[in-house]
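Per-entry structural report
One-letter residues, chain by chain:
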Amino acid sequence: MIQFEATVNGRPVRWDIPAGEFLTETLRSHGLIGTKRGCESGDCGACAVLLDGVEVNSCVLLAAQASGHDIVTIEGIGDARAPHPIQEAFVDAGAVQCGFCTPGMVVATHALLADNAAPTRDDARHALAGHLCRCTGYVKCLDAVELAAERTAAAKGGA
Amino acid sequence: MYLDLQTYTRPATMAEALAQLAAPGAAALAGGTHLNVHGHEHLRAVVDLQALGLAGVAREGAKVRIGAMTALTGLVAADLPAGLAALGQAADAEKNRAVRNRSTVGGRISRDRSNGRVATALLGLEAEVELATGGPDGVTRVDLHIASRLHDVATGAAHGVVTAVRVPADVRWSGYLASQLSAVDAPSADVAVSAGPRGVHIATGGHGRGAAGTLALPTTAAAATALLANPPAGDSWRAALREVAVAELPAHGDALVSGDYRRDLAATLVIRLVAACLAAHGGAA
Amino acid sequence: MADETTANPWDTGDGSMPEYDRFNVVNKSPRRVDALKLALGKGTFTDDEVPAGMLHVKMLWSPHAHARIVSIDTSEAEKMPGVQCILHCNNVSRVPHTTAGQGFPEPSPWDALCFDDKVRFVGDRVCAVAAETEADALRAIATIKVEYEVLPAILTVEDAVAPGAVQIHEHPEPTGISKPEQNLACTLDASVGDVEAGFAASDLVIERTYRIGYAQQSPIEPHIAITWLDEDDRLTVRVATQVPFHSRRILAQVLEIPVARIRVIKPRIGGGFGVKQEVLVEDVPALVTLRTGRPARWCLTREEELVSARTRHPSKLTMKAGVMKDGTLQALSMEVLGNSGAYGAHALTVVSCTGGKALPLYKAPNYRFDARVAYTNLPVGGAFRGYGAPQGFYGVEILMDEIAHELGIDPIALREKNMIGSGDDNPLAVALGEGGEGFPQRIRSCGLPECITIGREAIGWERRGSFDKTGTKRRGIGMVALMQGSGIPGVDMASAFLKLNDDGSLNLLVGATDIGTGSDTILSQIAAEELGVQLEDIIIYSADTDLTPFDTGAYASSTTYISGQSVKKAAAGVKRQIIAAAAEIWKCEADELVAADKAVRHPDGRALSYGDICRSTLYHHNQHQIMDHASHMSYECPPPFAAHFCEVEVDVETGEIKVLDYVAAVDCGVAIHPTAAEGQTEGGVQMGLGYALTERYCFDEKGAMQNASFADYKIFSALDMPDMKAVLVPTYEPTGPFGAKSVSEIPINGPAPLLSNAIFDAIGVRFREAPITPEMIWRALRERG
């Protein structure tokens, strides 16, 4: 066992974990079940989290590698009392079907909008390229990214 | 999948890292994006290189030095000379953004990766690889041509920790092209071409997958390169180039594509890249 | 069924369109009832809640395509740290069953055992280990020694049915196998008229063979089951399933315990697409739990999902048509040789849909359908969205294009000349039902002509034939017409239960399983519309065999059409009770009263809210719970219709294929939730495009899959997906709830034949094999010279 010390969703944590454990498992076994396991090879994106602000696949990241860093999971992006505008946009655009890939896509959109407040459809495609979805055909997911960007811009413009 | 690790270490100096790597069953860990798949059951110790300060891109005389731990997205975002466009193009085409955020330049030439976009681009740019070797007694720096490094990787003779790659800053033009089944696929074939004071360089990759033993590392297309030193007039260089490229490129087949298709594909990509280079330079490469 | 037609208040009775603006909740796209929690990461999938003290199951899979297990030595594994239970053919009873989650008795052969002393494909079960952690289980598995007697492997259907082929299922226990000695899981034939006479009377007889390969459903959530004993010592199974009630019944059979001792809970499901219509992973953890008394979990990895779960049956179709010069069809025949892999799950019913769903799209006086499905030593076929119809339409829709080409007729005109329409009877419906004789079907709603009109306009059909044919990149346009069904007539049954709460809200309990389709929302909309309440007033729960009434499950495009109708009936019953209670309170006649907007109104202007009425009945006046339940089944199976169009660009040097534009126009009757219906269409097209172009199974010479990962088994990503347009063409299906028909399966029938048609238009090469890879294009063009 090794000691894992990091900031998770803004809170410092200190967990004992096996040296060979991947971050997906560490997060899930500590109740952060919004991070999903879909392929465990970095291909589907269901396990995406933010590591020091950039999107990574937690299934191909040893938890030990993330120790000492800042981690944000889907639970840290918004909650039922204060959903993030991206989460609302996925709901309103009809982008949520089975919802298994949705947390990863929300994380990816969050990372995209942090870098690029006005993404084109093509930017959105690239941002979601590593997020396999078998339900939606991506059409409404791309709509959701655009809607989230519009709403974020409108909110900033109004402020 | 799980890793049966006994230790994870994050050394602060290269000397410590090399000492820890000398232990049986130990491996250096860069981004780790290839870790959670088959072939790592034997690992007992990983030595994480993240605290060694190996990330970053800097001008170093006539070269650009790219630290081994520079992530692929870092490479894409770096302020590279325009002539090195192939590097960014190759890095940006790799798998997906989450992987590109973690996967490193050093990692892409440090293991028997079949998926070698960055390796193809580095080969097309005649890059140099900087290695740290040694052990408890000290650290030795070694420079290798990228082709010898890839050869060492292929034969299992690769040693040391990649600390950086250096690419010539005076390349006038370079480009990277790949063909794949799907947009986020590993390439069936890929090609990098560069043109500069030392002439044209062509590298092609045939990224065999599936059945064991089909690994195909990038190779230099020497005859095609030679042909372009004195190209046939007009448009006839295309046919001539296809002929020499097909003749010299290896035909690696695998579970997904046949060798002859992959080779012809690579030849087509070479021609397209050379044409793009000619268009950019209004005539002679 | 007839009463549904007349009882439908929106039916205008004369076939004209009802007024859509009379709908308050249906035919609108409110937020899905479950979307926000899923976007927050709060949806509780099977793996998101684990009981304390749970064991983890890992499986030792067969490395051989065909072998007898001579011995299994687990002595070392038993001593390994953490190991609690080891299961294999020598310690688990032999109970023949099918993993196909179908109605009882299942029309699939009972050819599977939990563990057999034979393995029949690379990836078949050999031995399971349950341990404290997955790592412990894997370490133990590495020590197990199995001695195999390797048998000849059958890797093609042709070899399977060749005389003298080694028999794959030779044990005495299985039942329901059509011809085990010939490796035939099932055979089926049906005919209408006399095709030979039809061919003889035709101006042109055209015969072609088509092949379409393996594909996997690939829900992003793999199969998973978690089992435990509750405080009453009953086995509880939380499982990613489309069929909780079939799961309970088949599990009882396999475990040899009463149904009463099992509770199956369906939590959130991360996609199914048919592969979770299989009772595939429940038995092993259940056995572990029964033997150890401890909770157990078995979750497949992606590789295991691709190799050892279920797939689409690869099929070889020999199509023959007789047509007149003007394009009139005289006879249409389809001969299928299907590959069921090592077990016969869904083999008969899938292949019956290959003919039964695809052939009737075009009216011919003579039809023949002849099918055989063979066992091979390859991965196992199963239920997969479309359920045989994609294979059928692959043959029918390419053949139609080939006929049009031969006759020099526009492909659209040829289809319009022959396609089935409103008021037509489907002559094959009786001859070829679900795996046998069926029920007569008359088409009561058909928007196919409008779908074609809209699609041809949107894609720019008139540009077809005008593209430059000299450059490196060549463009082409193609189209296909499609249909499907809505539920299995005479088989599927659903039920619903509704009760009224103090504030006028209602609990809706359904056995229907939302697997990501949106059925929780759609069924809530139907209840709300019928009751005159808002969507937010319905609290839906699905599905739990202890708590919710029976439903056959989420398959065969049945949920909206069949389960929806049961909800509508139950809601109508509750509404009647609400009105009756109000009439009692007011001491007036019920038929004077109107219920709407969550209140009952008297002609004199008085009103009682549903909450007022409920509180009165719960606490004061003629005390009772206002509640009702209803079941529904149907002998009708109204087909949705669709027309798909696309434009492609083919690189003649590299063979790369780019889908530039895609239009899918679909008639699903009244869409209960139009955004969800579009989503089904877009997702179905995405899945179909993978089937057409990138998803394939590459085997080595020993039958082992070579590309079992998402890196190498390529499902379409956001970057691969073309810009596409899903268009809903409204019709009104008089037998459906609020005019609805199904929508979820039909889109996947389109892309595979469509890409063949569009690529033919682009480069003049006809591909009769799918998926079409760049290498196939490259090779075909080189061979053409």
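Residues numbered from 1 in each chain as written. Chains lettered and ligands numbered in written order. Predicted model: local features only at pLDDT ≥ 70, side-chain atom pairs only at ≥ 80, totals over all residues. Heavy atoms only, no water.

**Quick notes on the overall build of chain B**
For chain B, the helix and strand inventory stands at nine helices and twelve strands. Taking 285 residues into account, the globule formula puts the C-alpha radius of gyration at 19 Å, and chain B, at 19 Å, falls close to it. If one aligns the C-alpha atoms of chain B with their principal axes, the spans along those axes are about 60 × 45 × 30 Å. Per-residue burial over chain B gives 54% buried out of 285 residues. Contacts in chain B between residues far apart in sequence, at least 24 positions, make up 62% of those at least 6 positions apart. Split by element, the accessible area of chain B, about 10,400 Å² in all, is 55% carbon and sulfur. (Helix = DSSP H or I, 4+ residues; strand = E, 2+ residues; numbered from the N terminus. Rg over C-alpha atoms; globule rule 2.2 N^0.38 Å. Buried < 20%, exposed > 50% of the residue type's maximum accessible area, 1.4 Å probe, protein only. Contact = heavy atoms within 4.5 Å. Areas by Shrake-Rupley, 256 points an atom, 1.4 Å probe, with all protein chains shown as cover.)

**Brief notes about the nonpolar core**
Residue and element names in this part refer to chain C. In this structure, Leu448, Leu755 and Ile759 are the most contacted members of the largest nonpolar core, which totals 172 residues. The leading source of residues in this core is helix H11 (residues 389-407), at nine residues. Those residues within four positions of Ile759 in sequence are excluded, and the remaining contacts are Val648, Val650, Ile657, Gly764, Val765, Phe767, Ile772 and Ile777. Ile86, Cys114, Val146 and Leu280 belong to the second-largest nonpolar core, a separate cluster that totals 54 residues. (Core = buried A, V, L, I, M, F, W, Y, C linked by side-chain atoms within 4.5 Å.)

**Some remarks on the packing of aromatic side chains**
All names here are of chain C. Counted under the stated rule, the structure contains 13 aromatic pairs over all chains. Centre to centre, the rings of Tyr214 and Tyr697 are 5.2 Å apart; their planes meet at 25°, and the pair counts as stacked. Taken together, the residues span a long stretch of sequence, with Tyr214 in the loop between strand S8 (204-212) and strand S9 (224-229) and Tyr697 in the loop between helix H18 (674-694) and strand S28 (723-728) at a distance of 483 residues. Judged by centre distance (5.8 Å) and plane angle (85°), the ring pair of Trp461 and Phe645 falls under edge-to-face. Separated by 184 residues along the polypeptide, Trp461 in the loop between helix H14 (448-459) and strand S18 (473-483) and Phe645 in strand S26 (residues 641-651) bring together distant segments of the chain. Taking the relative accessible area as the measure of exposure, Trp461 reaches 5% and is therefore buried. On the accessibility criterion, Phe645 (0% relative accessible area) is buried. Joined through ring pairs, the aromatic side chains of Tyr214, Tyr697, Phe699 and Tyr713 make up one cluster. (Phe/Tyr/Trp six-rings, centres within 6.5 Å; stacked < 30°, edge-to-face > 60°.)

**A closer look at helix H8 (residues 237-248) of chain B**
Residue and element names in this part refer to chain B. Between the first and last C-alpha of H8 there are 16 Å, a value that for twelve residues agrees with the 16 Å anticipated at 1.5 Å per step. Burial in H8 covers these residues: Trp237, Leu241 and Ala245. For H8, the arc enclosing every buried residue in end-on projection is 55°, short of the 170-degree limit, so these residues lie on one face. More than 90 degrees from the buried face of H8, the exposed residues found are Ala239, Glu243 and Ala247. Check the buried side of H8 and you find it contacts helix H7 (222-229) and helix H9 (259-281). (Expected span 1.5 Å × (residues − 1). Arc of directions from axis to C-beta.)

**Observations regarding the domain arrangement of chain B**
Parsing chain B into structural domains produces domain 1 (7-50), domain 2 (52-168) and domain 3 (173-281). Measuring from the centre of the C-alpha atoms in domain 1 of chain B to the corresponding centre in domain 3 of chain B gives 34 Å. (Domains from an automatic or database assignment.)

**Regarding the sheet that holds strand S2 (residues 11-17) of chain A**
All names here are of chain A. Spatially, S2-S1-S5-S3-S4 is the arrangement adopted by the five strands of the open sheet, whose pairing is mixed. With one partner strand each, in any of the chains shown, S2 and strand S4 (54-57) form the two edges of the open sheet. Between one strand and the next, the sheet's axes are offset by a mean angle of 40°, whatever the strand orientation. Against the sheet, helix H5 (residues 102-115) touches strand S3 (48-51) and S4, its axis set at about 35° to S3. (Pairing = 2+ DSSP bridges. Axes fitted to C-alpha atoms, helices over the stretch in contact; angles between N-to-C directions.)

**Concerning the domain arrangement of chain C**
Residues and elements named next belong to chain C. Under the domain assignment used here, chain C contains domain 1 (46-151 + 223-299), domain 2 (315-488 + 636-784) and domain 3 (493-633). Between the C-alpha centres of domain 1 and domain 3 there is a distance of 39 Å. Taken together, the contact pairs 23 residues of domain 1 with 21 residues of domain 3. Regarding the contact of domain 1 and domain 3, the summed buried area is about 1,500 Å², with carbon and sulfur atoms giving 49% of it. Per-residue buried area on domain 1 facing domain 3 is highest for Gln242, Phe245 and Lys266; these three make up 42% of the total on that side. In this assembly, domain 1 and domain 3 are joined by four salt bridges. Taken together, domain 1 and domain 3 are joined by ten residue pairs in polar contact (both at pLDDT 80 or more). Taken together, the residues of the side of domain 1 that touches domain 3 break down into eight nonpolar, ten polar and five charged. (Buried area = accessible area lost by both parts, 1.4 Å probe. Salt bridge = Lys/Arg side-chain N within 4 Å of Asp/Glu carboxyl O. Polar contact = N/O pair within 3.5 Å; in protein donor to acceptor, adjacent residues only side chain to side chain. Nonpolar A, V, L, I, M, F, W, Y, C, P; charged D, E, K, R; others polar.)

**Regarding the sheet that holds strand S19 (residues 493-500) of chain C**
Each strand in a sheet pairs with another by means of backbone hydrogen bonds, the pair being arranged parallel or else antiparallel. Residue and element names in this part refer to chain C. The mixed open sheet is built from four strands, whose spatial order is S21-S20-S19-S25. Unpaired on one side and paired on the other, strand S21 (538-541) and strand S25 (627-633) mark the two borders of the sheet. For this sheet the average axis-to-axis angle between neighbouring strands, irrespective of direction, equals 20°. Note that S19 and S25 share seven bridges and pair antiparallel. Each residue of the ladder has a partner; that of Ala494, found in S25, is His632. Lying on the sheet, helix H15 (residues 519-531) is in contact with S19, strand S20 (506-510) and S21; it crosses S21 at an angle near 140°.

**Structural notes on the interface of chain C and chain A**
Across the boundary between the two partners, chain C contributes 50 residues, which contact 43 residues of chain A. Buried area between chain C and chain A, summed over both chains or domains, comes out near 3,800 Å², and the portion from carbon and sulfur atoms is 59%. Joining chain C to chain A, the criterion identifies 21 residue pairs in polar contact (both at pLDDT 80 or more). Looking at the side of chain C that touches chain A element by element, the count peaks at eight residues for H18(C). A class-by-class count of the residues in the side of chain C that touches chain A yields 23 nonpolar, 14 polar and 13 charged.

**Things to note about the pattern of salt bridges**
Residues and elements named next belong to chain C. In the structure shown here, the tally under the stated rule is 81 salt bridges over all chains. A salt bridge links Glu170 to Arg68, with the nearest nitrogen and oxygen atoms 2.9 Å apart. Remark: Arg68 occurs in strand S2 (residues 67-73) and Glu170 occurs in the loop between helix H5 (157-161) and strand S7 (184-192); sequence separation between them is 102 residues. We classify Glu170 as partly exposed; its relative accessible area is 30%. With a relative accessible area of 29%, Arg68 lands in the partly exposed category. With its nearest N and O atoms 2.9 Å apart, the salt bridge here joins Glu221 to Lys276. Of the two residues, Glu221 sits in the loop between S8 and S9 while Lys276 sits in the loop between strand S11 (262-265) and helix H8 (283-292), which places them 55 residues apart along the sequence. For the pair shown, Glu221 and Lys276 are each scored as buried.

**Quick look at the packing of helix H3 (residues 85-92) of chain B against helix H5 (residues 117-124) of chain B**
Residues and elements named next belong to chain B. Interaxial distance between H3 and H5 falls to 8 Å at its minimum, and their mutual angle equals 170°. With respect to each other, H3 and H5 are oriented roughly antiparallel. Across the interface between the two elements, Ala86, Leu87, Ala90 and Ala91 from H3 touch Arg117, Val118, Ala121 and Leu122 from H5. Of the residues contributing to the contact of H3 with H5, the split by class is seven nonpolar, no polar and one charged. (Parallel < 35°, antiparallel > 145°, perpendicular 65-115°, else oblique.)

**Re the pairing of S3(A)**
Residue and element names in this part refer to chain A. Because side chains alternate across S3, one face comprises the buried residues Ala48 and Leu50, and the other comprises Val49 and Leu51, equally buried. Where S3 and S4 come together, four bridges link them in antiparallel fashion. Each bridged residue has a counterpart across the sheet, and for Leu50 the counterpart in S4 is Glu55. The sheet contact formed by S3 and strand S5 (residues 70-72) spans two bridges and is antiparallel. The residue bridging Leu51 from the neighbouring strand is Ile71, located in S5.

**Comments concerning H8(C)**
Here H8(C) lies mainly inside the structure; seven of its ten residues are buried. When we look at burial in H8(C), the residues that qualify are C:Asp283, C:Val284, C:Pro285, C:Ala286, C:Leu287, C:Val288 and C:Thr289.

**Points about the confidence of the model for chain C**
Of all residues in chain C, 97% have pLDDT values of 70 or greater, and the mean over the chain is 95. Low pLDDT, under 50, characterises residues 1-11 of chain C; the predicted model gives this stretch 24 contacts beyond four residues in sequence or across chains. (pLDDT = per-residue confidence, 0-100.)

**Quick notes on the environment of C:Ala572**
Looking at the secondary structure, you find C:Ala572 in helix H16 (residues 559-586). The spacing of C:Ala572 and C:Ala582 is ten residues in sequence and 15 Å in space, taken between C-alpha atoms.

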